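Per-entry structural report
Listed below, chain by chain, are the residues.
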Amino acid sequence: MAKQNILTAEQEAQLRQPIDDYVGKIQDKLDELRADGTDKVVELLNDIDSLKKDHIYTQQEKNDRMKQLQSDLEKAKAVEAKNKGEVDKLIADAEGYIKANFDKYYQAVAASCAEEKAEAQKNYQARIAELEKEHQQTVSKLTDQNEIKDEKYVHKNRLFDAKMQLEKDIQAAKDRQHAAFQHRYHMIDMLRMSKFTFGENMAQRVENYKYTFNRRDFLLKNGLYIAIVIIFIALCAITPAVKGVQLLTYNNVLNILQQASPRMFLALGVAGLILLAGTDLSIGRMVGMGMVTATIIMHQGINTGSVFGHIFDFTGLPTPAKVLLALVMCIIFTTCFTTIAGCFTARFKMHPFISTMANMLIIFGLTTYATKGVSFGAIESTIPSMIIPKIGGFPTIILWAVAAVAIVWFIWNKTTFGKNLYAVGGNAEAASVSGISVFKVTVGAFMLAGILYGFGAWLECIRMFGSGSAAYGQGWETDAIAACVVGGVSFTGGIGKISGVVVGVLIFTALTYSLTILGIDTNLQFIFSGIIILVAVTLDCLKYVQKK
């Protein structure tokens, strides 16, 4: 009964024929009117553009040719302007006819496709029942266990074939409905020469999204984000009831962004290493080393603590010079260590886990031994207001993070180094064969990470007014790595976006801030982080490892 409501290809063509005929006649008239006008203008503009890039002609020949083209262009524009009124009238006529008649055709096709899907499901269920019956009858006649095993295997394959046929039939119905939808915009495209309104563009995007939507892929890509958003919404609802304060306030949002800003530098640095299918376990110790270095240089007065028994005194330097020197020294120290790790990784094919773990131990040992593990107090009180002042309550440290995101995005997406980074991360051997220096790219990624670590440690020192010690930054490497993984930077290499890193950092900072306000013990917060990392990497494996 359902098949009677399903349109055949011939019936669908008959329904659409009047629309195609009417619009087709108008399109023929438009093509005739545009031949010596709009079409000629487009052709001449292309010729002019080509002539500007052409180096075959002499300058005189080029000038003469350009003069002729400009003259022809003026004539074509005059014809275009003359026919504009008639063209607009014909387009309006065609669009009016499409608006009045196309929906009836499309709704008929949509209803037919819905019936096709229902019929496909019905056929599938009938086929499954038939296969089960045949299987039971066959098994009942068999006595040999090997034959029963073979029959079960054959039955399983038949069920799979039936499932594939169902998906094929449903996809055919989806294709048919999508083609009917797109036909309207194909006609409008021809009428207006590829000019669509905002609403028309959005309608096509929505339809294309629905057409290509896959539930499994959607959940793999966004499932973790959805879960975290749900958790955050729950925290926003629970916090006022438990603590009597609102979580999602303007000041809290600024506090989250302020705390996330130095961590953004660290995540951006390690993201490049993860893009190379690596990692960095020394980030936290880099921060501790940078904090100590920056605090010693920007300390107010003579340092009370010593480094290898030496007391540093930078009181003779003006404050701006102290700030700049602290930044330079932080970057030098962190970049030296990351470069060493990068060289071992690239030259000896050492896994970054080992080279950066060695860095972590060396840095912590040197910094702790040199400083005896003591804190170096506060920096000059005027420095934070000089480097990261609050303007109308807005912490400008956020702008530093925004600048870092913009710069690293440019490096990743607009430079040869960035393209090589993706290539080496995706397949180092193929990149090497194509002429890319894997050694230079790997060491470059580690050096970029070192610069970002140094900058991040310097900013954190200013944000916290100093108080640098070797133990500062412990555990920050897990936050940075986790933020990248949550943001979609794959450990399989060659896959990741800067926008994902930003989202990952904000998610982790917001979650930690929320749990702290709620009074959740710090140790329990590590459990939340661990679960998120585990889920993120699992989804990453499901998305990418199977493909490779």
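Residues numbered from 1 in each chain as written. Predicted model: local features only at pLDDT ≥ 70, side-chain atom pairs only at ≥ 80, totals over all residues. Heavy atoms only, no water.

1. Regarding the overall build of the chain
In terms of helices and strands, the chain carries 18 helices and two strands. Compactness check: the chain gives a C-alpha radius of gyration of 33 Å against a globular reference of 24 Å for 548 residues, more than 25% above the reference. Counting only C-alpha atoms and orienting by the principal axes, one finds that the chain spans roughly 95 × 95 × 60 Å. Relative to its 548 residues, the chain shows a buried fraction of 42%. Partitioning the contacts of the chain with sequence separation of at least 6, the portion at a separation of at least 24 is 79%. (Helix = DSSP H or I, 4+ residues; strand = E, 2+ residues; numbered from the N terminus. Rg over C-alpha atoms; globule rule 2.2 N^0.38 Å. Buried < 20%, exposed > 50% of the residue type's maximum accessible area, 1.4 Å probe, protein only. Contact = heavy atoms within 4.5 Å.)

2. Thoughts on empty space enclosed by the protein
A full pass over the atoms with the stated rule returns two cavities of 30 Å³ or more. Empty space within the largest cavity amounts to approximately 40 Å³. Leu-268, Gly-269, Gly-272, Val-408, Trp-412, Leu-421, Ala-445, Leu-448, Ala-449 and Leu-452 together form the lining of the largest cavity. Where the lining of the largest cavity is concerned, the elements lending two or more residues are α7 (250-275), α12 (397-414) and α15 (438-463). Grouping the amino acids of the lining of the largest cavity by side-chain chemistry returns eight nonpolar, two polar and no charged. (1 Å grid on protein atoms, 1.4 Å probe; cavity = no way out; pocket = protein on both sides within 12 Å on 5 of 7 lines; lining within 4 Å. Points joined across faces, edges and corners; volume = space filled by probe spheres on them. Nonpolar A, V, L, I, M, F, W, Y, C, P; charged D, E, K, R; others polar.)

3. Let's talk about the packing of helix α3 (residues 59-141) against helix α4 (residues 145-192)
Their axes nearest at 10 Å, the elements α3 and α4 cross at an angle of 180°. Classified by the angle their axes make, α3 and α4 are roughly antiparallel. Its residues assigned to classes, the contact of α3 with α4 comprises 24 nonpolar, seven polar and 15 charged. (Axes fitted to C-alpha atoms, helices over the stretch in contact; angles between N-to-C directions. Parallel < 35°, antiparallel > 145°, perpendicular 65-115°, else oblique.)

4. Description of the packing of helix α1 (residues 9-35) against helix α2 (residues 38-53)
Look at α1 against α2: their axes get within 5 Å of each other, and the N-to-C directions meet at 50°. In this view, α1 runs oblique relative to α2, as classed from their interaxial angle. Each of Asp-31, Arg-34 and Ala-35 in α1 lies in contact with α2, whose residues at this interface are Thr-38, Asp-39 and Lys-40. Residues of the contact of α1 with α2, tallied by class, amount to one nonpolar, one polar and four charged.

5. Some remarks on the nonpolar core
Burial of nonpolar side chains together is a common tendency in soluble globular proteins. The biggest cluster of nonpolar side chains holds 91 residues, and the ones touching the most others in it are Leu-268, Met-298 and Trp-458. Take this core: its biggest share by element is 13 residues, from α15. Non-local contacts of Leu-268, meaning those with residues more than four positions away in its chain, are made with Ala-404, Val-405, Val-408, Leu-452, Ile-498 and Val-501. Counting 22 residues, the second largest nonpolar core, distinct from the first, contains Ile-19, Leu-30, Tyr-105 and Cys-113. (Core = buried A, V, L, I, M, F, W, Y, C linked by side-chain atoms within 4.5 Å.)

6. Quick look at the UniProt feature "transmembrane region" (unreviewed entry) in the chain
Under the feature "transmembrane region" (unreviewed entry), the UniProt entry names residues 223-242, 262-283, 323-347, 353-370, 391-412, 432-455, 498-520 and 526-545. Along residues 223-242 the backbone is 100% helical and 0% strand, and the end-to-end C-alpha distance reaches 28 Å. (UniProt positions renumbered as here; feature names shortened; annotations may be inferred.)

7. Focus: the pattern of salt bridges
Per the counting criterion, the structure on display carries 12 salt bridges. Ionic pairing is found between Lys-53 and Asp-49, a salt bridge with its closest N-O pair at 3.4 Å. One end of the pair is Lys-53 and the other is Asp-49, both in helix α2 and four residues apart, which spans about a single turn. Asp-49 gets classed as partly exposed once you look at its relative accessible area, which sits at 39%. Put simply, Arg-192 and Glu-200 hold a salt bridge, and the shortest N to O gap is 2.7 Å. One salt-bridge network, held together by shared partners, links Glu-12, Glu-116 and Arg-176. (Salt bridge = Lys/Arg side-chain N within 4 Å of Asp/Glu carboxyl O.)

8. Description of the environment of Val-139
By the secondary structure assignment, Val-139 is in helix α3. Each C-alpha atom of the pair Val-139 and Glu-151 lies 7.2 Å from the other, and the pair is 12 residues apart in sequence.

9. Comments concerning the packing of aromatic side chains
Evaluated as defined, the whole model comprises 16 aromatic pairs. Each ring, one from Trp-412 and one from Tyr-422, has its centre 5.9 Å from the other, and the planes form 85°; the classification is edge-to-face. Taken together, the positions of Trp-412 in helix α12 and Tyr-422 in helix α13 (residues 416-426) put the pair 10 residues apart, joining distant regions of the chain. By relative accessible area, Trp-412 is classed as buried at 2%. (Phe/Tyr/Trp six-rings, centres within 6.5 Å; stacked < 30°, edge-to-face > 60°.)

10. A closer look at the environment of Phe-314
The topology assignment puts Phe-314 in the loop between α8 (283-298) and α9 (319-347). Residues Phe-314 and Phe-410, 96 residues apart in the sequence, show an inter-C-alpha distance of 37 Å.

11. Describing unusual backbone geometry
If you check the backbone angles, Met-193 has positive phi at about 60° while not being a glycine. With respect to the secondary-structure elements, Met-193 resides in the loop between α4 and α5 (198-212). Of note, the phi angle at Lys-372 is positive, near 60°, even though the residue is not glycine. As for its position among the elements, Lys-372 is in the loop between α10 (352-371) and α11 (382-387). Residue Lys-372 is classed as exposed on the basis of its relative accessible area of 62%.

12. Some words on a nonpolar patch on the surface
Residues Phe-308, Ile-362, Leu-366 and Tyr-369 make up a contiguous nonpolar surface patch of roughly 440 Å² in combined accessible area. Its place among the elements puts Leu-366 in helix α10. (Patch = residues over 30% accessible without salt bridge, like charges linked within 9 Å, V, L, I, M, F, W, Y side chains within 5 Å. Areas by Shrake-Rupley, 256 points an atom, 1.4 Å probe, with all protein chains shown as cover.)

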